[in-house]
Amino acid sequence: MQGKGLITIVAIVLGLICINELLPTWYTSKIENEAKAVAGDDDAKYLKEIARLSKDTLNLGFTKLNYPEAKQKEMKLGLDLKGGINVLLEINQRDLVSDLTNYSTNPIVIEALDKTDLVQRHSSKPYIEDFFTEFEKLNQEKGANLKLASPEVFGTQKLSAEIKFNTPDDKVKSIIRNKIDASVGTAFEVIRTRIDKMGAVQPNVQRVPGTGRIAVEMPGIKDKDKVKKMLSTSAKLQFWEVQQIQEIYPYLDQLSKIVPLKADSIGVPKNTNLVNLLQLDKRTPSAIGNIKLSDTATINKIFNSPIAVKLRPANLKFTKFMWGYKPQAESPDNLEFYAIRGNINGKAPVDGAVDKANINYDNLGRIVVDMQMDTEGARSWATLTEKNVGKPLAVTLDNIVYTAPNVNQKITGGRSQISGNFTQEEAKDLTDVLGAGKLPASAKVVQSDVVGPSLGQESINAGLMSFGIAFLIIVVYIIFYYGGAGVYAIIAMIFNLFYLFGIMDSINATLTLPGIAGIVLTMAIAVDTNVIIYERTKEELFAGKSIKQAYTDGFKHALNAIIDGHLTSLLTALVLFIFGTGPIKGFAVTTGIGLIMTFFTSVLLSRVMIFHRLNKGKSLSVWTPVTKNWFRNLWIDFIGKRKYAYIFSAVLTTACIISMVTLGFKTGVDFKGGRSYVVRFDKNIESSKAHESLAKLFVINGEQQAVDVKTFGNEDQLKITTDYKINDESIAADQDIEQKLYQGLSQYLPAGTTLSDFKDAHKGEVGIVSSTKVGPTVADDIKTGGTLAVLASLLGIFIYILFRFDKWQFSLGAVAALAHDAIIILGFFSFFKNILPFNMEVNQDFIAAILTVLGYSINDTVIVFDRIREYLKEKKSLTLAGLFDDSISSTLGRTFNTSFTVILVILAIFFFGGDNLKGFMFALFLGIFFGTYSSIFVASAIAYDFLKKGKEEAPHEKTTTDK
């Protein structure tokens, strides 16, 4: 065999590289297991033991290992395996545009921004592109002829070096796009600096190309509220004038009389007394109220209502109402409410970054944060304090008032101080945020996934169990069917898995639960590759060739089919990687690497090993006595029976389409937006009773919001999904929903369970073990991306088949079969969405399953088409129908073995791989089953009907068994 030396060298070098890459993972696991053995469940003792063991170094001669360095290099585990938080931050694009216009008050600019905000809810375009479109529309409608280079738009003093009065609109657009991109880049660096200060291990921070979004993954992090706050805080420190009670009271008095009359439209009880809620007698001089924490939601509804806004007098037209940072020590159950003097452009009088921030103590021993402003901020601060001597000024961070002291004198030098009744940890968090620099605009969490550590460990256990069972199934079956040759297939598969893990570690790929599913399915691909080779080898042996020649020709004749199958599957993986997000990308990466390594190990390395044995004069069986003649003399008139298959497929696909149209789908939050929580209890819970308790709490303006409560996996777990406050992506909204979940489910929780315990379930205890949040804009993007992924995959496969087989009829048959499979899977998920006892949501994982099915289905179809192409050259005397029947019948052994093995693997993952994968695996099961059927009765049948071009043919007889 030519090139065996090179293949052997590549295998050895690749093996050494993988060993070197995987050693840190082995070493950290060894140290952590030793520490766990000593400490048990005592976290403090565990950390001390880790610190002690970290001082040791393992010298292996060629490399030295110590725990801190090895920990940084170990294989990354995704949230679903390790627990932690994954958030998608979106930088406020309106803020960026407004800043570039110097907060323009031009009505066309403001209206264009408002319309862009609405369009963005269902747009996949960048914000600035939609703004340009809306601005141009309004310009034309109003006949304003306003140029983008106008001083009222982007021709501001801030951009005067780049934009002149005569700069063309196209040039301005290009400049603004670059400015926006640079601002998002700045935000990315600030976010990364903040994460470094939090001490996260193996964080992953990435910009999402073409958007103003930043993806952050922090495995192992437990305090999700702190993370979200640290990441989304803009650190834009602002100083405002405060409007005091004497200026506000006439408005409050008038509003208090209106509230009872308009209570229904405002969404508050009719007996609401605004003056009593404000508790004016308990407020500080700079605040306009001191509100009970339980009444803050009511105050928000009142002051944000259209009625209250319309009622404002001229002196309050631009007023901003803000809450204090936290309750004061003397009134721990109350929160102060402030009226901040705003202006038409919404810009603060002092809005500057902080050069330095540090923790200090005031003359009463209270913790404060000292700040040194930048040059511009220092000048503005001096002017503002001089103007407001004897009056209060509010120091705000992200529209929260940290302090509002009276100004005693003009303050020069840019020094200021924040006092907010801080704890040491709160003060440190604030100085970390300020020290990392400010974001160029505010940020919000538009998508998040939180997985508790106990659920992560359970996922690892489930993944390892499904992996082990699938591996055992494959080993037993492949050796049972192929005998000695099967042993070499298993050896090649073990090398394949070893290389796969090593390469993933070397490129810092993250291993997720769908990634483990991809690894298990990679084993099935490896089996399929060996099946193709061994089935061809068997055919050559039955034709009377020697064992060595049979293997030579078997590898040779199988190569085209293997290449076609691998390339179409790689195409699917590529589409998944391009259009997928999060775990789906992980699945695509794992599958892609697995496919490449499968070709190397099962085709090249396996051949070296087999011929090394054969060249020594030793035999190598490719069957066992039991399986030798399986499928050998089987011949079926598939083409003659195709009309029955057409009827069956037509009835089934029609029923599926009707179900999709009439019943619809149960869409996950990543397709429709909303929040989803998996809650664990210490006893079995009836979902209907839990739903009844929760439904009455999720109400907005008297209208009940959707709350879906289902048993998830075990009877002691519920999956709760709601669209309550779907358009409110704030951390406050997240906390409000968690509070309502706790309130509604508290009767089912053990006595003494606090809200904090409930929100952060550790070590298998009760509470929220995972949560997902997806904003409506992100949901639209995911849905669009999923649709494009499926269409791109179908188009790519059509073009590839046309290129490889040089006949459009084959492409048509292949794509028709894939559409057939996709419709059936969609139909099943539509009809059985509320019947089957596991998750039947159409979500990102479902799209991944559909695309995986397309890859496997086309793989099977390609094998049949490859044999048809071969027989078109070799058996020209056969009728076209006879040729098709011969081709399909001769590949039945491969079709059965591959499909049977893959289905066994899928069932292993379905039953042992964890609740999150059941829907995914069920879709794969349907796809493999119907994909095998469609390869024969849809793809081949349609290709035959369009190839014969209406010509009548003589009856055909079997010929395959005459070989």
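Residues numbered from 1 in each chain as written. Predicted model: local features only at pLDDT ≥ 70, side-chain atom pairs only at ≥ 80, totals over all residues. Heavy atoms only, no water.

K.L.:
How would you explain the overall build of the chain if you had to name every residue and give the values?
P.N.:
Within the chain, the regular secondary structure consists of 32 helices and 24 strands. Here the chain holds 963 residues, and the buried ones make up 54% of them. With the model as given, the accessible surface of the chain reaches about 42200 Å², and the carbon-plus-sulfur share is 57%. (Helix = DSSP H or I, 4+ residues; strand = E, 2+ residues; numbered from the N terminus. Buried < 20%, exposed > 50% of the residue type's maximum accessible area, 1.4 Å probe, protein only. Areas by Shrake-Rupley, 256 points an atom, 1.4 Å probe, with all protein chains shown as cover.)

K.L.:
An account of the sheet that holds strand β7 (residues 237-241) is needed here, citing residue identities and associated values.
P.N.:
With respect to topology, seven strands assemble into an open sheet ordered β8-β10-β9-β15-β14-β7-β11, the strand pairing being mixed. Two strands lie at the open edges of the sheet, namely β8 (289-292) and β11 (350-351), each paired on one side alone. Across two bridges, strand β14 (residues 393-397) lies against strand β15 (residues 400-403) in antiparallel orientation. Paired with Val395 across the two strands is Thr403, which belongs to β15. Running at roughly 170 degrees to strand β9 (residues 320-324), helix α13 (residues 296-304) makes contact with β8, β9 and β10 (334-340) of the sheet. (Pairing = 2+ DSSP bridges. Contact = heavy atoms within 4.5 Å. Axes fitted to C-alpha atoms, helices over the stretch in contact; angles between N-to-C directions.)

K.L.:
I'd like a rundown of the sheet that holds strand β13 (residues 367-373), residues and numbers included.
P.N.:
The strand order across the open sheet formed by three strands is β12-β13-β16, and the pairing between neighbours is antiparallel. Pairing within the sheet leaves two strands with one partner each, and these edge strands are β12 (354-361) and β16 (415-418). Across the sheet, the mean angle separating the axes of adjacent strands is 25 degrees when strand polarity is ignored. Pairing of β13 with β16, which is carried by four bridges, proceeds in the antiparallel orientation. Pairing of Val369 across the sheet is with Ile418, part of β16. Packing against the sheet, helix α15 (residues 375-387) makes contact with β13 and β16, and its axis sits at approximately 105 degrees to β13.

K.L.:
Account for the packing of aromatic side chains, naming residues and giving values.
P.N.:
Counted under the stated rule, the structure contains 33 aromatic pairs. When the centroid spacing of 5.0 Å and the interplanar angle of 85 degrees are considered together, the rings of Phe831 and Phe832 count as edge-to-face. Taken together, the ring pairs connect Tyr477, Phe480, Tyr481, Tyr482, Tyr534, Phe896 and Phe900 into an aromatic cluster. (Phe/Tyr/Trp six-rings, centres within 6.5 Å; stacked < 30°, edge-to-face > 60°.)

K.L.:
Summarise the packing of helix α6 (residues 107-120) against helix α7 (residues 127-142); cite the residues concerned and give the values.
P.N.:
At a minimum axis separation of 8 Å, α6 and α7 run at an interaxial angle of 130 degrees. In terms of orientation, α6 lies oblique with respect to α7. Our pair here, α6 against α7, has a crossing hand that is right-handed. Residues Ile108, Val109, Glu111, Ala112, Leu113, Lys115, Thr116, Asp117, Val119 and Gln120 of α6 pack against Tyr127, Asp130, Phe131, Glu134, Phe135, Leu138, Asn139, Glu141 and Lys142 of α7. When the residues that make up the contact of α6 with α7 are grouped by side-chain class, the tally is nine nonpolar, three polar and seven charged. (Parallel < 35°, antiparallel > 145°, perpendicular 65-115°, else oblique. Left-handed = near helix turned anticlockwise from the far one by under 90°. Nonpolar A, V, L, I, M, F, W, Y, C, P; charged D, E, K, R; others polar.)

K.L.:
Would you mind going over the pattern of salt bridges in detail, with residue names and values included?
P.N.:
Between side chains of opposite charge, a pair can form as their charged atoms come close. All told, the structure shown has 28 salt bridges when counted by the stated rule. Among the salt bridges present, the one from Arg177 reaches Glu129, with a minimum N-O distance of 2.5 Å. Of this pair, Arg177 sits in helix α8 (residues 169-198) while Glu129 is found in helix α7, placing the two residues 48 residues apart along the sequence. Look at Arg177 and you get partly exposed, because its relative accessible area is 34%. (Salt bridge = Lys/Arg side-chain N within 4 Å of Asp/Glu carboxyl O.)

K.L.:
Pulling in residues and values, what's your account of helix α31 (residues 892-912)?
P.N.:
Because each turn of an α-helix spans 3.6 residues, side chains separated by three or four positions in sequence point in the same direction. For α31, with 21 residues, the first-to-last C-alpha span of 30 Å sits near the 30 Å given by 1.5 Å per residue. Burial within α31 is extensive, with 15 of its 21 residues counted as buried. (Expected span 1.5 Å × (residues − 1).)

K.L.:
Describe the packing of helix α1 (residues 4-39) against helix α2 (residues 43-53), and please don't skip the residues or the numbers.
P.N.:
With their axes 9 Å apart at the nearest point, α1 and α2 run at an angle of 135 degrees to one another. The angle between the axes of α1 and α2 places the two elements in the oblique class. In terms of crossing hand, the pair formed by α1 and α2 is right-handed. Of the residues in α2, those touching α1 at Ile31, Glu32, Glu34, Ala35, Lys36, Val38 and Ala39 are Lys45, Tyr46, Glu49, Ile50 and Leu53.

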